[in-house]
Amino acid sequence: MSCSAPADQPVDRPVDGAADRSAVPASAVRRRPWRTAALLLGVLAVLPASALTACDGGVRGTPGGFGVRDPYFPKLGNGGYDVRHYGLTLAYEPGGHRLTGTAVITARATQDLSAFDLDLKGLTVEKVTVDGEAARWNRAGQELTVRPRDEVSAGGTFRTTVRYSGTPVTVTDPDGTEEGWLRTGDGALALGEPTGSMAWFPGNHHPSDKASYEVSVTVPEGLTAVSNGELRSERTAHGRTTFVWRTAEPMASYLATLAVGRFEVSRSVTDDGLPVCTAVDPALAADSRAVLAELPEIVAWEEKTFGPYPFSSTGAIVDRLDGLGYALETQNRPVFPGAPDTGTLVHELAHQWYGDSVTPESWRDMWLNEGFATYAEWLWDEDHGGDPAQRTFDALYDGSWFDADADGGGEQGAEAMWAFPPAKPPGAAQLSDSPVYLRGAMVLHKIRQKVGDEAFLGILRGWAAAHRHGNADTAGFTAYVEKRAPGEDFSGIWRDWLYGDGKPDRP
Ligand code: TRP
Ligand code: ZN
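Thresholds applied
By convention here, each chain's residues receive numbers from 1 onward along its written sequence. For this description, chains carry letters from A and ligands carry numbers from 1, given in the order in which they are written. With the structure being a predicted model, the display of local features is reserved for residues of pLDDT at least 70 and the display and counting of side-chain atom pairs for 80 or more, all residues being used for whole-chain, interface and lining totals. The side-chain values count all of the structure's non-hydrogen atoms but skip hydrogen atoms and water molecules. A run of H or I in DSSP becomes a helix once it reaches four residues, and a run of E becomes a strand once it reaches two; helices and strands are each numbered from the N terminus. Buried residues are those whose accessible area, probed at 1.4 Å on protein chains only, stays under 20% of the maximum for their type, while exposed residues exceed 50% and partly exposed ones sit between those limits. The contact definition used throughout considers only heavy atoms, calling two residues in contact when any of these lie within 4.5 Å. Because no water is among the atoms considered, metal sites can look incomplete, with donors defined as N, O and S atoms within 2.8 Å of the metal, or 3.2 Å for Na, K and Ca. In a helix, the anticipated span is given by 1.5 Å times the number of residues less one. Any two strands between which DSSP finds at least two bridges are classified as paired. The salt bridge definition used is simple: a Lys or Arg side-chain nitrogen within 4 Å of an Asp or Glu carboxyl oxygen. Residues with no salt bridge and a relative accessible area higher than 30% make up the patches, which join like charges within 9 Å and nonpolar side chains (Val, Leu, Ile, Met, Phe, Trp, Tyr) within 5 Å. Note on areas: these come from Shrake-Rupley sampling with a 1.4 Å probe, and a residue is covered only by the protein chains present in the view. By the counting scheme adopted, Arg and Lys are positive, Glu and Asp are negative, and His together with the chain ends is not counted. In this description, the location of a charge corresponds to atom NZ of lysine, CZ of arginine, CG of aspartate or CD of glutamate.

(A) Inspection of the overall build of the protein at higher detail. Across its full length, the protein holds eleven helices and 23 strands. Taken over 507 residues, the protein has a buried fraction of 59%. Put simply, of all contacts in the protein between residues at least 6 apart along the chain, 70% involve residues at least 24 apart.

Below you can see the structure in the form of C-alpha cells.
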C-alpha cells in the first residue's frame with residue numbers, strides 16, 4: 001500500500017467523544033417506561049467525516065459506511081463488515097474510575113475495505129492493529145475510523161485489536177434516561193440500550209450485527225465482575241481477581257453488560273438442567289430472595305409458552321442504582337436496579353426470546369421486543385389467577401387501566417397510549433413510550449382474538465423458532481402471521497393497530 005503517513009499514529013488528534021453529551025435532565029424514570037416525560041432532543045448531530053480519503057495506487061477497496069441507516073440512529077453500527085466475535089480484556093479500578101481495555105474484534109468483510117469504522121464514545125485509543133499490523137486511525141465523535149495497512153478483501157476474516165483506556169462516560173438517552181457506564185456505590189454497571197455499549201468497548205454497535213463474546217475483567221480482590229454467558233474462570237493474584245465470561249450464542253451489543261461491585265453470587269440448575277447464576281448486591285439480598293426463588297418457575301412457564309429457552313444459562317443481576325428507573329434484558333441475566341417484582345422478572349426473562357434471541361433489525365422494530373415482553377406479563381397474570389389478557393386489553397382501551405394502576409398516569413397516560421402507532425415511533429425519544437409497550441401488546445391480542453388461543457400460541461412459539469439467534473423486522477412478522485393463518489384477513493389489524501395514527505375504532 002502506498003500511503004505514506006507513518007503507521008501506528010493517529011491521523012488526527014483523537015477527539016474525546018464526550019463532547020456531544022447533552023444537557024437533558026437525567027431524572028426521567030422508566031420503571032413504567034411509558035410515563036417518561038417526552039423529553040425531546042434533537043440528537044441527530046452533524047454527520048461525521050466518515051472515513052479517510054482513499055489512497056492512490058490502485059486500491060480497489062472503499063471505506064465501509066459510518067452507519068447502517070438506522071431510522072433513529074444513523075451513525076450507529078458500521079458498514080462493510082460483520083463481527084463474528086468480541087474478545088474483551090478489561091481491567092477496572094473503581095477508586096479512580098479507570099477502565100483499561102483491549103478489544104480483539106474478529107469480523108468478516110462484506111466488501112473490499114480500504115477503511116472501516118468502529119463505534120466508540122469517550123475513552124482514549126492508544127493503539128490499533130489489523131491482523132497484527134499497526135493501522136492508522138482517527139476519531140470524529142463516536143466514529144473510530146481504522147485504515148489497515150493492507151486492505152481487507154471481501155469475504156475475508158480479519159482481526160482488529162484496539163487498545164484503549166480512560167474514564168468511561170455515562171450516556172444520556174434521547175428519552176432522558178441514563179446508560180453506558182454507570183457508577184454504583186461499590187463499582188460500576190454497564191448498560192447498552194440503545195447506544196450505551198460504545199462507552200465501554202469499540203464495536204459495531206447496531207442490533208443487526210450479533211456476535212459471540214469473551215469478556216475478561218480484572219478487578220481489585222474482594223470485588224466481583226459479572227457479565228453475560230457463563231463464567232469460565234476466576235483467578236486471584238497480587239490483589240486482583242480476573243473473571244472470564246463467555247457468551248457462545250450470538251448477542252447484540254446493546255445486550256452486553258458488565259457489573260463490578262460486591263455481589264452475592266449464587267449458582268444452581270433448573271429441573272431441566274439449565275444453569276442459573278444470580279448476582280445480588282448484599283444490600284438488596286433480603287428483598288430479592290423471594291422473587292429470585294421464582295426465577296426457575298418463570299423460565300419453565302415461559303418455555304412452555306414460548307418454546308425452548310434460547311441460551312445456555314439464565315439468571316439475574318440485582319444492583320443498587322437508585323434513580324435509574326429501568327430494568328434491562330441483558331442476555332442470559334437481566335439487570336435490575338433494585339429488587340425486582342415478579343412482573344418485571346417475567347418481562348425481562350421473556351425478552352430472552354423476544355429481543356435477545358429474536359433481535360430487531362433496526363430500532364424501529366422495538367415493539368417486537370416490548371410488545372411481546374408486555375404481553376408475556378399479561379399471559380402470566382392470566383395463567384396465575386390474575387386478570388385475563390382480554391380484561392387488560394379492555395381496560396387499556398377504555399382508559400380505566402390508568403386509574404387502577406397507581407403508576408399509570410391517569411387521564412394523561414390513557415391519552416399517551418394513542419400518540420403514535422407501535423411500528424412507527426416518531427423519534428428516538430419515543431422508543432420507550434407506552435404505544436410501543438402497551439399498544440404493541442394490544443396488537444398481539446388482536447391477533448389472538450382473530451386466530452384463537454391455540455393458533456396464537458403457535459405463532460408466538462413459531463416466531464421465536466423461525467428467527468432464533470437472528471434478527472427480524474415488522475414486515476417479517478406480519479408476513480409470518482399471514483403465513484401461519486392463511487384463511488384470515490389481518491389487513492385491518494395492521495392498518496389500524498400497528499401502523500395507523502390515533503385510537504382505532506372498537507370493532
Ligand atoms: N428494554 C427495557 C425493558 O425491559 C427498557 C429500556 C431500557 C429501554 N433502556 C431502553 C427501552 C432504551 C427503550 C430504549 O423494558
Ligand atoms: Zn422490555
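(B) Just the coordination of the zinc ion (ligand 2), in detail. The coordination sphere of the zinc ion (ligand 2) contains the protein donors H347 (NE2), H351 (NE2) and E370 (OE), at a distance range of 1.9 to 2.0 Å. Between consecutive donor residues of the zinc ion (ligand 2), the sequence gaps follow H-x3-H-x18-E. Here the residue H347 occupies a position in helix α3 (residues 342-350), and E370 occupies one in helix α4 (residues 367-383), the gap between them amounting to 23 residues. Neither residue differs from the other here; H347 and E370 are each classed as buried.

(C) Here's a closer look at helix α9 (residues 453-466). The end-to-end C-alpha distance of α9, which contains 14 residues, comes to 20 Å, matching closely the 20 Å that a straight helix rising 1.5 Å per residue would cover. Within the span of α9, buried status applies to F456, G458, I459, L460, G462, W463 and A464. In this structure, the buried residues of α9 make contact with α2 (295-306), β22 (358-360), α4, α8 (434-451), β23 (470-472) and α10 (474-484).

(D) Seen up close, the pairing of strand β13 (residues 211-220). Summarising burial for β13: nine of the ten residues are buried, a large majority. Note that strand β2 (residues 81-93) and β13 share seven bridges and pair parallel. Looking across to β13, one finds that Y86 is bridged to Y213. As paired strands, β13 and strand β16 (residues 240-251) are joined by nine bridges and run antiparallel to one another. The residue of β16 that forms the bridge with A211 is M251.

(E) Expanded view of the pattern of salt bridges. Evaluated as defined, the whole model comprises twelve salt bridges. One salt bridge in this structure joins R391 and D387, with 3.4 Å as the shortest N-O distance. Taking the relative accessible area as the measure of exposure, R391 reaches 51% and is therefore exposed. With a relative accessible area of 38%, D387 lands in the partly exposed category. A salt bridge links D394 to R506, with the nearest nitrogen and oxygen atoms 4.0 Å apart. Pair noted here: D394 is in helix α5 (residues 389-398) and R506 is in the segment after α11 (491-498), with a separation of 112 residues, a long-range link. By relative accessible area, D394 is classed as partly exposed at 25%.

(F) Representation of a negative patch on the surface. Taken together, D398, D403, E411 and E415 make up a surface patch of like negative charges. On the secondary structure map, D403 appears in helix α6 (residues 400-404).

(G) Up close: the pairing of strand β8 (residues 143-147). In terms of residue burial, β8 counts as a mostly covered element, since five of its five residues are buried. By the alternation rule, side chains of β8 split into E143, T145 and R147 and L144 and V146, which are all buried. In the sheet, strand β4 (residues 113-119) pairs with β8 via four bridges, with the strands oriented antiparallel. Counterpart to F116 in the pairing with β8 is V146. Across five bridges, strand β7 (residues 136-140) lies against β8 in antiparallel orientation. Bridged to R139 within β8 is L144. The loop that links β7 with its antiparallel partner β8 comprises two residues; one of these, G141, has a positive phi angle of about 60°.

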